[in-house]
Amino acid sequence: MDYCTKEELVGGEALTGYLPQATSEDDQAKLAGIITRVSRRIDSYVTDGRAVDFFAPAGAASDLVVYGDGISTLTLPEFVPGSVEKVTGLHGVEITDYVERGTGIQLTDTAGSLARGAYFGEGIAYTVKAKWGFGAIPGDINEAALQLTVRTYRSSDEAFSGVIGGVRQDGSIIERSLPAAVKEILDVHRRKYRSRRLNIA
């Protein structure tokens, strides 16, 4: 899954592209390859190499085993809001009193109020059926892919002098591996991924 398109880069009637000059067939073929490589680079950076197509729109709902933390909230990996269909606990007992809240689900009482004293047992496996992933490619990931593709495309030009990340004492330039704006976007998603994956089977 690519996180941006050639049309977004080159532009057109309704779009102002980042690379309006890249219209030849050779340019288009080059951009197509770069976009795919950039998308996989984003996956690798955010998930520490654990997932491919991480930001692709979610498919059909499926089961996933998630472990409780001993609190009333069960933290879930990225899921489409409103898509949790079923939660099953020990011995296949279905849990019906819960509400989606923030990054997970929280237990409620039979009246629908947040439960006090009820919790998802620490280290206990729960099976949750939901649409895992994103409803659509996040806008900031699309922007990161656009910027990183432009950077990669231009860096093949010997006249392009990259983004300066710092200068060594001997005066040589340290070039950032990721532009600062791209790194800022991806670091937000990377922190979220790391914090949410710890309780996944």
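Relevant structure appears above.
Attention in this report is confined to the structure presented alongside it. Just so it is clear, the structure is predicted and the values come from calculations on it, not from any experiment.

### Thoughts on the packing of aromatic side chains
Here comes step 1: Taken as a whole, this structure holds six aromatic pairs when the rule is applied.
Here comes step 2: With a centroid separation of 4.9 Å and 85° between ring planes, the pair formed by F54 and F55 is classed as edge-to-face.
Here comes step 3: Given the relative accessible area of 0%, F55 is considered buried.
Here comes step 4: Summarising the aromatic geometry, the rings of F54 and Y193 are spaced 5.3 Å apart at their centres and angled 90° between planes, so their arrangement reads as edge-to-face. In this pair, F54 is assigned in the loop between α2 (25–47) and β1 (62–67) and Y193 in helix α4 (residues 180–196), connecting sequence segments 139 residues apart.
Here comes step 5: Since its relative accessible area comes to 13%, Y193 is described here as buried.
Here comes step 6: The positively charged end of K30 is found above the aromatic ring belonging to Y153, 4.8 Å away from the centroid.
Here comes step 7: Between the NZ or CZ atom of R40 and the centre of the ring of Y3, over which it lies, the distance is 5.5 Å.

### So, α4
Here comes step 1: Between its terminal C-alpha atoms α4 stretches 24 Å, which fits the 24 Å expected from 17 residues at 1.5 Å a residue.
Here comes step 2: Turning to α4, its buried residues are V182, I185, L186, D187, H189, Y193 and R196.

### Quick notes on unusual backbone geometry
Here comes step 1: Even without being a glycine, D53 presents a positive backbone phi close to 60°.
Here comes step 2: Mapped onto the elements of the fold, D53 is located in the loop between α2 and β1.
Here comes step 3: Note on D53: relative accessible area 30%, which makes it partly exposed.
Here comes step 4: Located in the positive-phi region is H91, a residue other than glycine, with phi close to 60°.
Here comes step 5: Positionally, H91 belongs in the loop between β3 (86–88) and β4 (94–95).
Here comes step 6: When its relative accessible area of 80% is taken as the criterion, H91 is described as exposed.

### Re the sheet that holds β1
Here comes step 1: If you walk across this open sheet you meet the four strands as β1-β7-β3-β4, and the pairing is antiparallel. This sheet does not close on itself; its edge strands, each paired only once, are β1 and β4.
Here comes step 2: Of the pairings in the sheet, the one linking β1 to strand β7 (residues 125–130) comprises six bridges and is antiparallel in character. When the bridges of β7 are listed, V65 appears paired with T127.

Each value, and the rule that gives it
Residues numbered from 1 in each chain as written. Predicted model: local features only at pLDDT ≥ 70, side-chain atom pairs only at ≥ 80, totals over all residues. Heavy atoms only, no water. Phe/Tyr/Trp six-rings, centres within 6.5 Å; stacked < 30°, edge-to-face > 60°. Buried < 20%, exposed > 50% of the residue type's maximum accessible area, 1.4 Å probe, protein only. Helix = DSSP H or I, 4+ residues; strand = E, 2+ residues; numbered from the N terminus. Lys NZ or Arg CZ within 6 Å of the ring centre and 35° of its normal. Expected span 1.5 Å × (residues − 1). Pairing = 2+ DSSP bridges.

Read these as layout, nothing more, since geometry by itself doesn't imply function.
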